[in-house]
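Structural overview for review
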Amino acid sequence: METDKKNKRSKLVYAGVIVILIVFFIVGFVYGLSSVLRMEGNYPPAILTEPKTPEPKSAEEAVKYLNDAVATAVSEKPQFASGASFNINSDTLEINGDDTVKSSLKFIRDDLNDYLNASFETHSADFNEDFSVLLRKPAFTAADVEEFNVDYIYYRCASCGVTSNEPKDSCEECGSEQAYLMQYKDEYTITYKLKTDDNIRKQNFPEHTDAELKALVGDQISGIADIKKIGVDYTGLTVTMCINRLTDELKSLVYTKDMNISADGVFTGDCAVLGDLSLKVNVSENESYRFTWPSITLSAHSKDVEPKGKDNLLATLVFPEASQEGVSWESSDPELVTVDEDGYFTAGKKTGSAVITATYMFNNKVYSDSCTVNVKFDVESISLNKRKLSLNEGDTYTFSVNFSPKKATIQTVKWYSEDESIATVDENGTVTAVKPGTVRVYALSDDLYFRGSCEVTVNE
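One structure accompanies this document, and this report is about it. Given the structure is predicted, the values throughout are model-derived calculations rather than measurements. (Residues numbered from 1 in each chain as written. Predicted model: local features only at pLDDT ≥ 70, side-chain atom pairs only at ≥ 80, totals over all residues. Heavy atoms only, no water.)

A separate point is the overall build of the protein. The helix and strand inventory of the protein stands at six helices and 26 strands. Counting every position in the protein, which comprises 460 residues, the buried fraction comes to 37%. Looking at the protein alone, contacts between residues at least 24 apart form 68% of all its contacts between residues at least 6 apart. Surface summary for the protein: the accessible area is close to 26,000 Å², and the carbon and sulfur share equals 49%. (Helix = DSSP H or I, 4+ residues; strand = E, 2+ residues; numbered from the N terminus. Buried < 20%, exposed > 50% of the residue type's maximum accessible area, 1.4 Å probe, protein only. Contact = heavy atoms within 4.5 Å. Areas by Shrake-Rupley, 256 points an atom, 1.4 Å probe, with all protein chains shown as cover.)

On to the packing of aromatic side chains, then. To describe a pair of aromatic rings, you give the distance between the ring centres and the angle between the ring planes. Evaluation of the coordinates by the stated rule reveals 17 aromatic pairs. Their ring planes at 75° and their centres at 5.4 Å tell us that Y397 and F399 sit as a pair that is edge-to-face. Y397 gets classed as partly exposed once you look at its relative accessible area, which sits at 23%. Residue classification places F399 among the buried positions, given a relative accessible area of 5%. Grouped by ring-pair contacts, the aromatic residues F80, F131, F205, Y255, Y289 and F291 constitute a single cluster. Cation over ring: R201 sits above Y234, and NZ or CZ is 3.9 Å from the ring centre. (Phe/Tyr/Trp six-rings, centres within 6.5 Å; stacked < 30°, edge-to-face > 60°. Lys NZ or Arg CZ within 6 Å of the ring centre and 35° of its normal.)

Looking now at the sheet that holds strand β14 (residues 337–339). Here three strands make up an open sheet; going across it, the order is β11-β15-β14 and the pairing antiparallel. The sheet terminates laterally at β11 (310–312) and β14, the two strands that pair on one side only. Taken over all neighbouring pairs, the strand axes of this sheet differ in orientation by 25° on average, direction set aside. Strand direction decides the pairing type here: β11 and strand β15 (residues 344–347), joined by three bridges, are antiparallel. Residue pairing across strands places N312 opposite Y344, the latter belonging to β15. (Pairing = 2+ DSSP bridges. Axes fitted to C-alpha atoms, helices over the stretch in contact; angles between N-to-C directions.)

This is the structure in structure tokens:
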């Protein structure tokens, strides 16, 4: 009997332990999920680095910027490559005949594209080689520009980092309800939409005679049809420049010509019973130029290490016959951070910041890139003492910020209100209710840009 009681107690204890473990698991899972949902990201705010040349605001400025960039490239002779492509939009294909004929012509669309692309010549030039005769230089004026657009802004979710070309109020990828952060690219992409004028087209874009187009298209559909006449209606003329806005180094130049091609002829072979051929399709022709400039680029421009910590930097070299042995490394404060000839660095005992610079000599010119090394104990997360707050108009409340870990070196934040017409917040974290509504007030850590926020409701 006593043995049975012991067995029952053992089973009860065992069951109790299982229940406790399950509760701990559930609580931990819920807490973990809650923590994930509360994460507000640590991507830095948008910092607009000053460009070498201000963003062009008029067609005159935009055209001058393009011409100056091309002239600089021709003068300084970066690595150069040209190419061309010809794209047939099969979705726009219109042709008389039954569905079998249409399917047949759409089926050979990729082969025809490849054939046409292979017909274009490509050219290249190495560093310091003259490529001026290989480059189609822009020959249009501001008066020839119908409109132009400068693109260098994009948007990023603060929680998961997914990007978008358009602003968004929430993220479908991770479920964050925070608006995307505005970010800036290092390049301007400037698109010049030109007037579809015959003179502008002939001066700026490659020309193909009717005979050339008939030969290119006809060779691919031989056995199906015989082309007798080809007509071309030009629907769009565009020049696109991509340029590093920090250095004004031209990265690419693309000439795009959109056109509707119509062809008349007769079906042949098994399709001869269909009689006359009438075909229309939209095509796009691109002539592109790529420029690669000499450079040295470090694997990171900011590194964080704890006191006595170690790490390394890698240098990517874009030079003829580049060698890592030619890279020189230097620390702005060897007492704080030392660096060897291979880019490996070691922090000392103290906290602070030092700049490591790598340099490379090419063609009697020094190229360099730098990385700021911060010796510190990192902030890993922050949170406010309240997640929700209710105030009446005119009331104030001062938030406090919890840093993790507590030994984090930099424990300062900047404060923001998403709508200061509802509630304002000062540099000390004191929020003031202005008018009824709901607004999110958040703190952004100066170290690693972690966010903590509170939903503030101002009562009516």
